[in-house]
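As a plain string of letters, each chain reads:
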Amino acid sequence: MTIDELEQLLVQQPVAVLHRLARGRVHRHFRAGKRRLIEMILQHSSQNLAGLESDVQALIAERQSQPQPPQPPARPAGRTAVAPPRRTAPRGGEPETAEAAVSLTTWLEGIGVPAPQPFVPDPWQNEALAALDETDVVVSVPTGSGKTYVAVEAAKRAIAHNQTVIYTSPLKALSNTKYTEFSKIFGPDKVGILTGDRQENGQAPLLIMTTEILRNLLYDAASGEIDIRLDTLGLVILDESQYIADPERGVVWEETIIFCPSQAKLLLLSASIGNPQDIADWLTSIRPTTCRLVRHSKRTVPLRAGYLHPNGKLVPLFKTAAIPSGHAGHLHPEAKRLFFEYEEETLPSGRPRR
Amino acid sequence: MPPSIHPVDLIASLRQKHLTPAIVFLTSRRACDEAMQSFDHADIVLPPVRQDAIAAALERVITQYPSVAEHPLIPTVQRIGVAAHHAGHLPSWKIAIEELMRQGCLDAVFATTTLAAGVDFPARTVIITQSSIRKSRDFTDLTIGEVQQIAGRAGRRGKDQVGFAVITPSPYIDLGVLTKGFTGHPESIDSQFSISYPMVLNLLKAHPHEQIQAILAKSFAQFQLNQRAELLERKLDGLHVQMEPFGPRVCTDWISQWQTFDQVRRQRPQRHQIRKHESPELSARFHFMTPGRVVGLARGRGIVLRQYRSKGQKNPMISVLRLDGAVTECPASNVGDIFDRIFECDETPAFPWCSAAAFDELSYQLTELPTRLPTLPIMVPKDSEVLPDAIVQSLGDFPCPSCPSRPACQKDFATALRLRQEQHRHTKSIQALRASLWHRFQERVEVLQKFGYLSPSAHLTDEGEWARLIRIDHSLLITEMIRAEAFTGADPSLLTGVMASITHDDDRPGSFPRISPGLSSLLGQVRKLAESLSPYEEPPLLRADVAALAERWIADPTLTWIGLCRLTTMAEGDIYRLLARTLEFLSQIHTLRATHPGLADTASRAITLIRRGVLEELP
Ligand SMILES: Nc1ncnc2c1ncn2[C@@H]1O[C@H](COP(=O)(O)OP(=O)(O)O)[C@@H](O)[C@H]1O
Ligand SMILES: [Mg+2]
């Protein structure tokens, strides 16, 4: 989609949708009118139009999947007033609220294993890899989207160029899991792991460690005590980099990024966060090249939310099968009723309900 | 009705709806363990084929991690296809369970939410039973990001067409937090940059002092501080424009002139009566409680809508917008935290003190604030400014009463003063934002100079040269102990005991083995030192019981892992983590080979002794 087509699409959207797109992308979007809002959204996403496009499509799809009051047929003005359009007529005298809500059967529909499909990388994965040829990349996508594929593919390319790759995770346990996983993919001689007191395969081209260990290596290198091949370092992958906001350890991610050698590319993999653009802008301001942000917020495997009552009754949590983004209040009447009942029974009397 | 669903019913019901495999997030390890126990006599056993598959998969893991073989949960795991996975378990056990989940052998795993990132395996369904999480001491509501991280484990790519996140209530649940988490946008994240002693030493090792400010400026912290400074600069530009009509008049600085004149006029009769009880702290803090400012009160946060002084006592007061949308009046002295966050606030002279649009937006902003916010550094002036008597006496000297500009000054004064004060406030805030990291760095430099790690010219001394290699928490305590030669003659078990007590930051009680007299007296020394360092570094807990446990593992090389676990009520996962962290600390001490060969050797021997049995299984 070209930028003009995208703009056309945005113009057709209600302002509420635009505001939701603007969240996390545009600062203080609440003050802007529709025109200005579109302008700002496009401007702030100029680096990542594909991400914007996928978010718009997701929002449109979501709105369409919501039960909408039937549109009044186009009629000459003045006649519509005779019979104001109502929601779909209640069937069998059921209460109106229950009517609009999804049934459990519909909510459970589609459960199961999909037919096996050949592996085709997602557009955002390709986009991140292509960008990484040129510059640093920040990826912010929902959990379970496939960030590891980007890490593995990027590492393969760097290793093919005889570069050293460092992959960090926030926890030793995760490092161990990745060590096993990557050893299977790359072959055991290609992968090493470093901890405070141990090195396994320290000469391998792909090295796994916690972010603290890398920070220490970089400090040693800065003071001239290189004991790892930092001169051939071509790529540094920081997985779970939303940890930069961790109260105790976040500072280690900042130190690592500040001291990362400029010849090495940085690949930051993060779960969905509110302000990935800030992270990308920050990298742009301190690193040799303009950092690319690859983001989207649509889950690959659709997620549905349910409510299970202690008596074993399962009901959808929201009125719609899909999670109604931005509408925390659109609860399924049945879930609402059951939870209310639960609170009535379990709350010690006198405790205020929040 | 039971307060929450019975685990056996839960699993039966998930199976019946084809919602397995599932991860069931529970509030505590204990809840996970109890859930597992409740399957002891359950009859929802797996068909033999699946039991065999689990046994075979476990067999494969055990060849790599022998410690898994002895786990007491194995019978339940095989019979029912459910397992527990939390921080009380050994890493090898957690790896085994993750492997079983990956191979699709299990129907459910009971896990804790303490580290959503620690559970890095997906399932078809995620069961959520809580809306808050224990962070250090108390429970805080899950953030939107955290809810999505947890719910995000539902729905495996390639194995599920749809994923399900199911809430089942427990007495700890607030449905609103979860529905907001499902439907909301993840919060923006904020830098948590902090400057530690090792950071200062390592920066100064590699770079001259005058380059450090430029390096700190590269932090995400400074990037975000700049963003806020720029916002204020734009406001400052606006204020300049508004100030234009109030330029120089008969006197160049007519605002100050009029202010003094006016103040003197008013103060003369009732001098020293107002505000006499007000502390300079309160005045300084009150200065920042301006409309739009986020403040922390006893019952949660609020945004200041106006500041004023009470009618009779002239106490500093503020009107605050609260989370529930209410506007409350509150004495400024009740404000706990003044956060480094201010929103635009379109002020109006009457209740609710800002325009309807601003009110809506502020209410919204208040709900969207991140859980952690930096507080504003506030400097308290040495003495509050009371006009010297000399000026008061000299009222007759003011030109104002007969000045031609008097009516204009009188009319404009209030507006002009307010604008100018705002300018000052913004200018000060901008300076603070731009320079705060550097100030924090300088503070650390001064401490390191005081202790002799840095020379007066901020170069590393001989002590600084080796101290910079200790890059862990409580580094100052550790390096000071080394300098005090506290470890001279200490054997590996004593060193390990001390290091273990420094690493351990959990105050949960338990029963532990007896401590040796040697370690006990050494710990007494460490405690004294830590106490004396407390103005510069938060002292660690230094628990003797925990130290004794680590000491035992080293002192008695024939002690088996199971034997060690029997000596204490601590969970084996915690013992493992204690020893693993101690190992990390010891390996840092080992890096001091060049300057402290004896100590480094002791550390190295301790490392070898720790690394046995279970502690050898993983790198
Ligand atoms: N393009 C793709 N097509 C199909 N499956 C994919 C694709 N990319 C990744 N996956 C699968 O998605 C799953 C989740 O990937 P992972 O990298 O663990 O996610 P996360 O983004 O949370 O790190 C893995 O099983 C992976 O094989
Ligand atoms: Mg991942």
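Given the structure is predicted, the values throughout are model-derived calculations rather than measurements. (Residues numbered from 1 in each chain as written. Chains lettered and ligands numbered in written order. Predicted model: local features only at pLDDT ≥ 70, side-chain atom pairs only at ≥ 80, totals over all residues. Heavy atoms only, no water.)

**Q** Would you explain the overall build of chain B in this entry?
**A** When its secondary structure is counted, chain B shows 23 helices and twelve strands. Viewed in the frame of its principal axes, chain B has a C-alpha envelope of about 105 × 65 × 40 Å. Counting all 619 residues of chain B, 53% fall into the buried class. A fraction of 73% describes how many contacts in chain B between residues 6 or more apart in sequence connect residues 24 or more apart. With an accessible surface of roughly 28000 Å², chain B has 53% of that area assigned to carbon and sulfur atoms. Computed over 68 positive and 68 negative side-chain charges, the inter-centroid distance for chain B is 4 Å. (Helix = DSSP H or I, 4+ residues; strand = E, 2+ residues; numbered from the N terminus. Buried < 20%, exposed > 50% of the residue type's maximum accessible area, 1.4 Å probe, protein only. Contact = heavy atoms within 4.5 Å. Areas by Shrake-Rupley, 256 points an atom, 1.4 Å probe, with all protein chains shown as cover. Lys, Arg positive; Asp, Glu negative; His and termini not counted. Charge placed at Lys NZ, Arg CZ, Asp CG, Glu CD.)

**Q** Just to check I follow, could you spell out the domain arrangement of chain A for this structure?
**A** Residue and element names in this part refer to chain A. Once the domains are mapped, chain A shows domain 1 (3-110 + 304-346) and domain 2 (123-295). Listed by partner, the interface residues are seven residues for domain 1 and eight residues for domain 2. Carbon and sulfur atoms make up 35% of the surface buried where domain 1 meets domain 2, a total of about 680 Å² over both sides. The interface formed by domain 1 and domain 2 contains zero residue pairs in polar contact (both at pLDDT 80 or more). (Domains from an automatic or database assignment. Buried area = accessible area lost by both parts, 1.4 Å probe. Polar contact = N/O pair within 3.5 Å; in protein donor to acceptor, adjacent residues only side chain to side chain.)

**Q** Is there a simple way to explain helix H17 (residues 475-483) of chain B in this structure?
**A** A turn of α-helix holds 3.6 residues, and therefore any two residues three or four places apart point the same way. Residue and element names in this part refer to chain B. Here H17 lies mainly inside the structure; eight of its nine residues are buried. Residues of H17 that are buried include every one of Ser475, Leu476, Leu477, Ile478, Thr479, Glu480, Met481 and Ile482, and no others. Against helix H8 (197-206), helix H16 (462-467), helix H18 (492-503), helix H19 (517-533), helix H22 (572-590) and helix H23 (597-610) lie the buried residues of H17. Once H17 finishes, Glu485 follows within two positions and takes phi at roughly 55 degrees, a positive value.

**Q** Can you help me understand the environment of Ile502 of chain B in this one?
**A** Residue and element names in this part refer to chain B. Mapping Ile502 onto the fold places it in helix H18. Accessibility expressed as a relative area gives 1% for Ile502, which makes it buried. Residues Ile502 and Ile478, 24 residues apart in the sequence, show an inter-C-alpha distance of 8.7 Å. Every residue in contact with Ile502, bar those within four places of it in the chain, is listed here: His474, Leu477, Ile478, Met481, Pro540, Leu542 and Phe585.

**Q** I would appreciate a short explanation of the packing of H17 of chain B against H18 of chain B in the present structure.
**A** All names here are of chain B. Contact geometry for H17 and H18: axes closest at 11 Å, N-to-C directions at 155 degrees. With respect to each other, H17 and H18 are oriented roughly antiparallel. For the pair H17 and H18, the sense of crossing is right-handed. Every residue of H18 that contacts H17 at Leu477, Ile478 and Met481 is listed here: Val498, Met499 and Ile502. (Axes fitted to C-alpha atoms, helices over the stretch in contact; angles between N-to-C directions. Parallel < 35°, antiparallel > 145°, perpendicular 65-115°, else oblique. Left-handed = near helix turned anticlockwise from the far one by under 90°.)

**Q** What's the story with the packing of aromatic side chains in this structure? I'm lost.
**A** Two numbers describe a pair of aromatic rings. These are the distance of the centres and the angle of the planes. Here the structure, examined in full by the defined rule, presents 17 aromatic pairs over all chains. For the pair Phe318 of chain A and Phe182 of chain B, a centre-to-centre distance of 6.4 Å together with 75 degrees between the ring planes defines the contact as edge-to-face. Of this pair, Phe318 of chain A sits in the loop between strand S10 (314-316) and helix H13 (333-346) while Phe182 of chain B sits in helix H7 (residues 175-183), each in a different chain. Look at Phe318 of chain A and you get buried, because its relative accessible area is 1%. Here the aromatic rings of Phe339 of chain A and Tyr342 of chain A are separated by 6.2 Å at their centres, their planes lie at 25 degrees, and the arrangement is stacked. Taken as a pair, Phe339 of chain A and Tyr342 of chain A lie in helix H13 at a separation of three residues, close to a single helical turn. Note on accessibility: Phe339 of chain A and Tyr342 of chain A belong to one class, buried. An aromatic cluster of at least three residues, connected via ring pairs, comprises Tyr167, Phe182 and Phe186 of chain A. For Arg306 of chain B, the ring lying beneath its charged end belongs to Tyr308 of chain B, and the centroid distance is 3.7 Å. (Phe/Tyr/Trp six-rings, centres within 6.5 Å; stacked < 30°, edge-to-face > 60°. Lys NZ or Arg CZ within 6 Å of the ring centre and 35° of its normal.)

**Q** Is there a simple way to think about the interface of chain A and chain B in this case?
**A** Put simply, an interface is often sized by how much accessible area is lost when its parts join up. In this complex, chain A contributes 92 residues to the contact, which on the side of chain B involves 90 residues. Overall, the association of chain A and chain B removes approximately 8000 Å² of surface from exposure, summing both partners, and the carbon and sulfur fraction of that is 58%. Our count for the chain A to chain B interface comes out at two salt bridges. Between Arg157 of chain B and Asp122 of chain A there is a salt bridge; the shortest N-O distance is 2.8 Å. (Salt bridge = Lys/Arg side-chain N within 4 Å of Asp/Glu carboxyl O.)

**Q** It is not clear to me how the site of ligand 1 should be interpreted in this structure. Could you clarify?
**A** Around ligand 1 lies a shell formed by Phe119, Val120, Pro121, Asp122, Gln125, Thr143, Gly144, Ser145, Gly146, Lys147 and Thr148 of chain A together with Arg157 of chain B. At ligand 1, the nearby residues belong to more than one chain, namely chains A and B. For ligand 1, an oxygen atom lies 2.6 Å from a polar atom in the side chain of Thr148 of chain A. Protein burial of ligand 1: of its 570 Å² of free accessible surface, 68% is covered by the chains. In the shell around ligand 1, the residues fall into three nonpolar, six polar and three charged. (Near = heavy atom within 4 Å. Nonpolar A, V, L, I, M, F, W, Y, C, P; charged D, E, K, R; others polar.)

**Q** Whenever I open this one, the confidence of the model for chain A confuses me. Can you help?
**A** The predicted coordinates ought not to be read in detail in places where the model reports low pLDDT. Residues and elements named next belong to chain A. The predicted model of chain A averages 84 in pLDDT, with 82% of residues at 70 or higher. Here residues 67-98 scores under 50 on pLDDT; set against residues more than four positions off or in separate chains, the count is 16 contacts. Counting contacts from residues 350-354, a segment whose pLDDT is below 50, to residues more than four positions away or on other chains yields seven contacts. (pLDDT = per-residue confidence, 0-100.)

**Q** Whenever I open this one, the side chain of Thr290 of chain B confuses me. Can you help?
**A** Residues and elements named next belong to chain B. With respect to the helices, strands and loops of the structure, Thr290 is situated in the loop between helix H12 (280-286) and strand S8 (293-297). Relative accessible area serves as the criterion here: at 2%, Thr290 is assigned to the buried category. For Thr290, the contacting residues outside a window of four places in its chain are Val304, Gln307, Ile342 and Arg425.

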